[in-house]
Amino acid sequence: MNVFFEESGSFKAGTVLSKQGDAFQVELPGGRRAKVRGKDVLLEFEAPTPAELMQQADAEAQDIDPEFLWECAPADEFAFGALADEYFGTKPNAIKQAALVLRMHASPVYFRKKGRGQYQRAPEEQLRAALAGLERKRQQALVQEGYENELKAHRLPESFAGKVIGLLTKPDKNSIEYKALEAAAAALGTSPARLMLDAGGVASARVLHEARFLSEYFPYGTGFAPVTIEPRLDDLPEGDVEAFSIDDVTTTEIDDAFSVRVLPDGRIRVGIHIAAPALGIQPGDAVDQIARNRLSTVYMPGDKITMLPDPVVEIFTLKEGGLRPALSLYIIVDASTHEIVATETRAEKVFVRSNLRHNHLDALVTEETLDAGTGDYPHQAEIALLWPLAKVLYERRQQTRIGFGLKREVQRNNDFNFYIDGEHVTITPRRRGSPLDSIVAELAIVANSTWGALLAEYGVPGIYRAQRSFGPNRTRMQTTPAPHEGLGVAQYAWSTSPLRRYVDLVNQWQLLACAQHGVAGKLVAPFKPKDAELYAVLQGFDETYAAYADYQNKMEAFWCLRWLKQEQRDRVVATVIKGDLVRLEEIPLVLHVPALGVHPRGTRVLLDVVSIDELTVEASTRLVQVLDAPVASDVAEADEGEDEGDEGEGVKTEVEVDAEAEAQAQAQAQAETGTGEATDTDLAPDRYVVIGNPVAHSKSPWIHARFAEQTGERIDYEHLLAPVDGFDEAARAFISAGGRGLNVTVPFKLAAYRFANAHSTRAAAAGAVNTLKVDADGSILGDNTDGIGLVNDIERNLHVRLAGKRVLLLGAGGAARGVALPLLEAGVRELVIVNRTASKAVDLAAAMTALQVAGSEIPNLDADASAETEADAGAGAGAGGDAIPGAHVHTGTIVGGGAEVATGAFDVVINATAGSLGGELPSFDPEALTPDTLAYDMMYAAHPTVFMQLAQARGARAADGLGMLVEQAAESFHIWRGVRPDSASVLAELRAMLARQQAALPAQAAVTATTATASPAP
């Protein structure tokens, strides 16, 4: 006898082997045996065979018109057999009855299941509404298909007009346009952004870079709401000085000016006058809310987004020709020794006589003309008195630096100005460290240091920038004074740019309280000691200011690449900085040159420009020839410029940033023409690698390039082949050359764990590291993203919720250990770990069980482990009872052992063994696989793996590990950059690319492992 029955929401047929009470023992056509309850049996039949019944019923079901079937059905609940009699007109056989059940089950719009074999037709009103909805979806699918075809032909559909930027920045992922764009890009094997450029949807890569930045940081636009400000300045005393400023010709936010007067006793009084918006802006008012939201002026070549509205800037900028409100620091200087013998801070109105401009004076005011006392320019006498003071101040700072264990500052020769006209750029060099630069820099350092000391003296908190020469967290923002050893000062409070930086405005409020109320200042200052609001300002500013600086760096690099294309420079001369890093001579661009070879610092080389990609802001170059090598003295001098603790060549030292950007306030002057000192015109992309042996086949560089293109992050990601016994040396050399992070693949997971000096919870639990992050203080964090990559792929891409599921994990090596904790954190009901060597599975289960007590120690799983294999990379790393910091409490049942412990069906079966690499099946009972099971192989291949083939033969849903590959990479990217990319689109693009590649290869293409702990290719 045969039966047709329902199991887990689907219908099956099988042969009855036995019957006990109300239960049948049934053998299915595939050989699987199942226990079927009598109430789930719909039909009993002798012929045809179960397989034939299902095949013929499926075919006949397709011929049944659900609309006519609905009309035949009664309005009330009915049994399927009764409708079969009505529909077929005669007593239907088993095939026809099964066909009718299958058709109704496949037509939920028409019929509702009410119980075993019981149905009810949908109410007519609901049916018509549902059919209308289906028709709308069909029409939308046709529209989407039309859009896709247009896009694949590199034509922009008309409906995309005005929507493209939104689709690439903040898309509605349910919109037809977005779905069509994603599908077309995946079909073409490109990114949506590049497709839009090719199709003319975006005018240029520049437009897209700007749009992405504005979308993230200025989602409501860059304009200002109308504000009114009525500063009460009449009561301010008038200073008895005439001041002058020194800025670039395009500067409008003039923060600082200077005055000089020779006193009757021969001493010199120098006034440092800072624009005083804090006299008109009050904490919490409308203008303060604007400034606190923006936190800083944003600079980019040819443009800027100001922190304050233009009418506010106009009131407080130190524009020439009138009295301007200022917070002034007067220093009394001994004319012979240039010692500062007294200081005074006051709020006042200062007459600004002149706004001097670098563009006009730099050629006239040189060391030679100052020493000779020659030249004819405004304020010549005052500048002549300030120049020797600046030199003495600089020298004293150098001696203080040396006392902190640092070397003297060594500046590069040139800065660069960017002038933008539409899509055309002009880049011109400007001498760095000119006398006017030095005067402004040193006086501003004096102001920031002196005012920091004033706040501390009166017990008024402020926002300080502190730096230590060595150790972790070298540079930080804080609310208490501490030395800035890089600048060579006892404390450093940002105070000299209140028109363009919010922390300076905050400090100015605090300073005004001191200047106007003396020792009572701490009672009236807006921010009190340990004020939570002050900490919030500090944290928000640090993050935002860094993001603005990154954007400026990116756009400066973009315009440098545009200049190369514009000037048709297919060959350029560059100077070696370190390793394969070079700096171009004509423009401020730093590049990596693959296979550059080993050359001394300062070597000049000729390079071919092979390609330029404005979308990813990258240039590909190759060495043509070495032009000349530096002499030994040049190398030694260059090496003197390497500040201890510097994060990498091509990036300004903290001294350069603070001494020039802070003290000189040049960011506002030069960034308006593209060279803002707040960031580095020479900043190279942050460098990342995937390190392994072998490693050339890894898809990680391709994946991370797509992530960078998608998010606008500027990175350089490459392969790094390390000797099998040389991981530490290779990793250390990469980090010393400025590397920011590494993905680690076999055979180095154990070595990477030992190499890191801090570990994430999941890395400690996995006992292996596939991601290394180099922090600003030089510390190295080890993380493991395999498990979260697996979980994200299953839940986000395959749409299977793991919470409450019964999961079988095959294997107990490094791959399994890497994913066990994330599976538990996903809320699985039961985790069964099976391994050929049962003791390993038992040990791993015990280790995971230990995590059910937060902070438990992880038992040593393999104390003798000394090397990794593809199948077992990472097993035993972190052994010796490492405490798991921040471990979560898990409540799922955890079992480990041989195949005998895995009984019954599972919701998810995960193959974490390397068996697919050799076409071998893991050891387990195939009965674990049912049609409701997700069978997941952590490997991926051009064709289904043997494990996937077994799962498909048993009716289970099978998936490979390609999605895990992309998801673990996305997690690494987020760890490094703080930005989470859209992994789904990259996964679709990667699958399309691999499919195209496979079409050109023999069918027996080798399986490639996916996971970082069990594969050569993270």
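What you are looking at is a predicted structure, and each value in this text was computed from that prediction instead of being measured. (Residues numbered from 1 in each chain as written. Predicted model: local features only at pLDDT ≥ 70, side-chain atom pairs only at ≥ 80, totals over all residues. Heavy atoms only, no water.)

(A) The arrangement of the overall build of the protein chain in detail. The helix and strand inventory of the protein chain stands at 31 helices and 38 strands. Of all 1018 residues assigned to the protein chain, the portion counted as buried reaches 56%. Residue pairs in contact within the protein chain that sit at least 24 positions apart in sequence constitute 69% of those at least 6 positions apart. When the accessible surface of the protein chain is split by element, carbon and sulfur atoms take 51% of a total near 40,100 Å². (Helix = DSSP H or I, 4+ residues; strand = E, 2+ residues; numbered from the N terminus. Buried < 20%, exposed > 50% of the residue type's maximum accessible area, 1.4 Å probe, protein only. Contact = heavy atoms within 4.5 Å. Areas by Shrake-Rupley, 256 points an atom, 1.4 Å probe, with all protein chains shown as cover.)

(B) Layout of the pattern of salt bridges. In total, this model carries 52 salt bridges according to the counting rule given. With a closest N to O distance of 2.8 Å, Arg571 and Asp608 form a salt bridge. A residue pair is termed long-range when its members are at least 10 positions apart, and Arg571 in strand S20 (residues 571-578) and Asp608 in strand S23 (residues 604-613) qualify at 37 residues. On the accessibility criterion, Arg571 (43% relative accessible area) is partly exposed. (Salt bridge = Lys/Arg side-chain N within 4 Å of Asp/Glu carboxyl O.)

(C) How the structure looks around the UniProt feature "active site" (unreviewed entry) in the protein chain. As annotated by UniProt and renumbered to match this structure, "active site" (unreviewed entry) occupies Lys749. Among the polar contacts made by the side chain of Lys749, one reaches the main-chain carbonyl oxygen of Thr745 at a distance of 2.4 Å. (UniProt positions renumbered as here; feature names shortened; annotations may be inferred. Polar contact = N/O pair within 3.5 Å; in protein donor to acceptor, adjacent residues only side chain to side chain.)

(D) Just the packing of helix H22 (residues 700-711) against helix H30 (residues 962-977), in detail. Where H22 meets H30, the axes come as close as 10 Å, and the angle between the chain directions of the two elements is 55 degrees. Of the possible angle classes, the one that applies to H22 and H30 is oblique. In terms of crossing hand, the pair formed by H22 and H30 is right-handed. Packed against H22, whose contacting residues are Ile703, His704, Phe707, Ala708 and Thr711, the element H30 presents Leu965, Val966, Ala969, Ala970, Ser972, Phe973 and Trp976 at the interface. Taken together, the residues of the contact of H22 with H30 break down into nine nonpolar, three polar and no charged. (Axes fitted to C-alpha atoms, helices over the stretch in contact; angles between N-to-C directions. Parallel < 35°, antiparallel > 145°, perpendicular 65-115°, else oblique. Left-handed = near helix turned anticlockwise from the far one by under 90°. Nonpolar A, V, L, I, M, F, W, Y, C, P; charged D, E, K, R; others polar.)

(E) The arrangement of the nonpolar core in detail. Among the nonpolar cores identified, the biggest contains 85 residues, and Leu308, Ile383, Leu443 and Tyr502 are the most heavily contacted of them. Sort the elements by how many residues they give to this core and helix H15 (residues 435-457) lands first, with ten residues. Leaving out residues up to four positions away in the same chain, Tyr502 has contacts with Asp288, Ala291, Arg292, Leu295, Met307, Trp509, Val537 and Phe541. (Core = buried A, V, L, I, M, F, W, Y, C linked by side-chain atoms within 4.5 Å.)

(F) Up close: the pairing of strand S11 (residues 268-275). Judged by how many residues are buried, S11 sits mostly within the fold: eight of eight residues are covered. Taking every second residue as pointing to the same face, both faces of S11 are buried, with Ile268, Val270, Ile272 and Ile274 on one and Arg269, Gly271, His273 and Ala275 on the other. Pairing of strand S10 (residues 256-262) with S11 involves seven bridges; the strand directions are antiparallel. Counted as the bridge partner of Ala257 is His273 from S11. Here S10 folds back onto S11 in antiparallel fashion, the turn holding five residues, of which Gly266 has a positive phi close to 90 degrees. Inspection of the sheet shows S11 paired to strand S14 (residues 322-333) by eight bridges, in the antiparallel sense. Along S14, the bridge assignment pairs Ile268 with Val333. (Pairing = 2+ DSSP bridges.)

(G) Structural view of the sheet that holds strand S22 (residues 590-592). One open sheet holds the five strands; their spatial order is S22-S21-S20-S23-S24, and the pairing between them is antiparallel. Every interior strand has two partners, whereas the edge strands, S22 and strand S24 (618-628), have only one. With direction set aside, neighbouring strand axes in the sheet form an average angle of 40 degrees. Alignment of S20 against S23, held across five bridges, turns out to be antiparallel. Note that in S23 the partner of Ala574 across the bridge is Val605. Seen against the sheet, helix H18 (residues 532-566) touches S20, strand S21 (581-584), S23 and S24 and runs at an angle of roughly 95 degrees to S23.

(H) Representation of the environment of Asp843 within the structure. Positionally, Asp843 belongs in helix H28 (residues 838-850). Along the primary structure Asp843 and Val895 are separated by 52 residues, whereas in three dimensions their C-alpha atoms are 10.0 Å apart.

(I) Fine view of the side chain of His338. Inspection of the secondary structure assignment puts His338 in the loop between S14 and strand S15 (340-357). In this structure His338 touches Val333, Pro388, Leu389, Val392 and Arg396, once residues within four positions along its chain are discounted.

(J) Local environment of the packing of helix H27 (residues 814-825) against H28. Interhelical geometry of H27 versus H28 gives an angle of 35 degrees and a closest axis separation of 11 Å. The element H27 and its partner H28 pack so that their crossing is right-handed. The segment H27 lies against H28, with Ala816, Arg817, Ala820, Leu821 and Leu824 engaging Leu844, Ala847 and Met848. The class makeup of the residues in the contact of H27 with H28 is seven nonpolar, no polar and one charged.

(K) Summary view of helix H10 (residues 286-294). Those residues of H10 that sit buried are Val287, Asp288, Ile290, Ala291 and Arg294. Axial view of H10: buried residues confined to an arc of 160 degrees, hence all on one face. Across from the buried face of H10, at angles greater than 90 degrees, the exposed residues are Ala286 and Asn293. In this fold, the buried residues of H10 make contact with strand S13 (303-305), helix H11 (310-316), helix H16 (502-517) and H18. Structurally, the start of H10 carries an N-cap: the backbone nitrogen of Val287 is 3.2 Å from a side-chain oxygen of Asp285. Following H10 by one or two positions, Leu295 adopts a phi angle in the positive range, close to 70 degrees. (Arc of directions from axis to C-beta.)

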